[in-house]
Amino acid sequence: MKVAIASGKGGTGKTTISTNLSAYLAEKRSVVLADLDVEEPNAKLFLDIELAKSEIKYKMIPEWNENCSLCGLCQEVCNFNAVIKLNTQIMVLPELCHSCYACSELCPENSLKMIPQKIGIMNIYKSDGLDFIESKMDIGQEQAVPLITKTKDYIKNNFDNKVLAIFDSPPGTSCPVIEVIKDCDLILLVTEPTPFGLHDLKLAIETAKQLHKPCAVIINRAEQGNLLINKFCAAENIDIIAEIPNDRQIATLYSGGQLLYNELPEVKKQLQNIEDYIDLFNYGGSYA
Amino acid sequence: MHEIVFISGKGGTGKTSITASFAYLLADKCVVADCDVDAANMHLLLDPVKLSEEDFYSGVVPGIDYNRCNNCGACADVCRFNAINEQDGKYAINIIDCEGCGYCARVCPSGAIIMEENNVGKYFVSNTRLKNTMVHAHLKIGAENSGKLVAKVKKEAVHAAKNNGKEFVLVDGSPGIGCPVISSLSGADFVVIVTEPTVSGFHDLKRVYELVKKFGLKAGCIINKSDLNLNITNEISCYLDEEKIVHLSDIKYDQSFSKAIIEGKTIAEYNPGIAEQLSENWTEIISHLN
């Protein structure tokens, strides 16, 4: 089963939830955690875990060779302006290329061979109960999606679907987020009770709905008497499955890269609520 | 006219609150561009009244004309994104998986695949309650090419600034280091990085600054929630010195950030001490502009 931890707004606590939940669950069962916020992956900073191996990740881009009649078909077929015909040569702009192969396969002279280009690195960590996969995009690369896809492929090929997989998503609602959540079974949306949090939560819920994905909400920095998110979720009939209190001690522990649940019984209780919800969901039960 | 871009690497460091505060301090001297088009929040603080709105098109989406389709499957064979599959005896396109490369339409022998321009969102030019001109956008859910919409918002903001004799464009960027951020950095005169003293805030600051360096841009840094972890604030200060990033100021951990948001105000309106601090920062930023 695959569960995405997502949010519209950045900095709401996705990584806090992903890392604490994974470490807590790994004490009892097998869990694989993937940090798919490949632009700014942070989960490793909170985990004490050994690096098992690293793999360089590539995307395929065309490389021009001079055996070419400069017919310009490659430029014409590229919808991303990644292939440009100049007077005496063809120029490829790798950052813009989506690896569709059209230029390469349609070239009448076979002048554009597809070759791998490095886009980032995938690190695989292991400890008792927890497998942790982190992918880091190279700085200057524009597209996060190819690296996310390759990381998901690794998980698909190396872990049984019965193992609980937790995906720490990037913020936002555009292509990188879609790539993460599109084949998840359940999306847990982390938000905070501010107008920014609520606004972006609405976007995130809309995203989940468009993909026909079930979702539930976790409120971070919850404050007594602040029912902004609760009221919205009640009206929309969306489950709130955990509330992590707004507490400076949590902020301080987080700042130093520490997990929370061993220090704070309240957090452990909330993590247990999340586990119960996931298990109920998995067995097709309803939540009341 | 100068373009000042606010970024953070990590989300939730206070970037939008701080950018909006500079908008408050500069009032009618600036145009605000909300380039966090994925999850735009600036309008919640600045309360813009729309003057104009336009659709934004980027890329193409395919559709199959089943009157022409002869079910040969050439489209599915060439698609590298597994976006075309046979379902109940006919081929169907899954738009979620489609990258819009158009290869399927090129190889279709019966011309059954039609590519249509993709309406990915809208952008608006507005006046804010703080007398700024503001350019902002709404990206459709799951839309691609947010980098292109960012470029469009910035272009309109620069245009508005030039036409109306505004001195500054304040750009609120998105988190991360990918295409929207790259797009907001191009053409910047000065970059303000808003960070926080957490292991993740510092980690992301370093990555996003590597990107800023590739553009050869001058940058300054504001450490928000600075008293949350004094050791990391110290480490960040040393890093800023080493990298010759202007250390603009440290703002203490302050619950009034969320209280101000709840009241729909900028932090500078809510807390005069922070207003004064940011006002001094602005003087410093200006001194680094050409």
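Reading guide: rules and limits
- Residues numbered from 1 in each chain as written.
- Chains lettered and ligands numbered in written order.
- Predicted model: local features only at pLDDT ≥ 70, side-chain atom pairs only at ≥ 80, totals over all residues.
- Heavy atoms only, no water.
- Buried < 20%, exposed > 50% of the residue type's maximum accessible area, 1.4 Å probe, protein only.
- Helix = DSSP H or I, 4+ residues; strand = E, 2+ residues; numbered from the N terminus.
- Pairing = 2+ DSSP bridges.
- Domains from an automatic or database assignment.
- Expected span 1.5 Å × (residues − 1).
- Arc of directions from axis to C-beta.
- Contact = heavy atoms within 4.5 Å.
- Buried area = accessible area lost by both parts, 1.4 Å probe.
- Salt bridge = Lys/Arg side-chain N within 4 Å of Asp/Glu carboxyl O.
- Polar contact = N/O pair within 3.5 Å; in protein donor to acceptor, adjacent residues only side chain to side chain.

Description of the pairing of strand E1 (residues 2-6) of chain A
Residue and element names in this part refer to chain A.
And then number 1: Of all five residues in E1, five are buried; the element is thus mostly enclosed.
And then number 2: Alternating residues of E1 divide into Lys2, Ala4 and Ala6 and Val3 and Ile5, and every residue in both groups is buried.
And then number 3: Examined bridge by bridge, E1 and strand E8 (residues 164-168) share four bridges and lie parallel to one another. If you follow Ala4 over to E8, its bridge partner there is Phe167.
And then number 4: The pairing of E1 with strand E9 (residues 186-191) spans four bridges and is classified as parallel. Across the sheet, Ala4 pairs through a bridge with Ile187, a residue of E9.

Describing the domain arrangement of chain B
And then number 1: Per the domain assignment, the segments of chain B are domain 1 (2-47 + 128-289) and domain 2 (61-119).
And then number 2: Relative placement of domain 1 of chain B and domain 2 of chain B: their C-alpha centres are 42 Å apart.

A look at helix H9 (residues 265-282) of chain A
All names here are of chain A.
And then number 1: For H9, built from 18 residues, the straight-helix expectation of 26 Å at 1.5 Å per residue is met to within 8% by its first-to-last C-alpha distance of 26 Å.
And then number 2: Inspection of H9 places Val267, Gln270, Leu271, Ile274, Glu275, Tyr277 and Ile278 among the buried residues, and these make up the whole buried set. In an axial view of H9, the angular spread of the buried residues amounts to 160 degrees, which keeps them on one side of the axis.
And then number 3: Of the residues one or two after H9, Gly284 is the one with positive phi, at around 75 degrees.

Thoughts on the environment of A:Leu33
And then number 1: Mapped onto the secondary structure, A:Leu33 falls in strand E2 (residues 31-35).
And then number 2: Residues A:Leu33 and A:Val77, spaced 44 residues apart in sequence, show a C-alpha to C-alpha distance of 39 Å.

Remarks on the interface of chain A and chain B
And then number 1: With 57 residues of chain A at the interface, the matching set in chain B holds 60 residues.
And then number 2: Around 4,900 Å² of area is buried between chain A and chain B when both sides are counted, 58% of it from carbon and sulfur atoms.
And then number 3: Broken down residue by residue, the surface that chain A buries against chain B is led by A:Glu40, A:Ile139 and A:Phe196, which jointly contribute 16%.
And then number 4: The interface formed by chain A and chain B contains five salt bridges.
And then number 5: Ionic pairing is found between A:Glu40 and B:Arg207, a salt bridge with its closest N-O pair at 3.5 Å.
And then number 6: Here chain A and chain B share 29 residue pairs in polar contact (both at pLDDT 80 or more) between them.
And then number 7: Of all the elements, helix H6 (residues 195-210) of chain A adds the most residues to the side of chain A that touches chain B, at eight residues.

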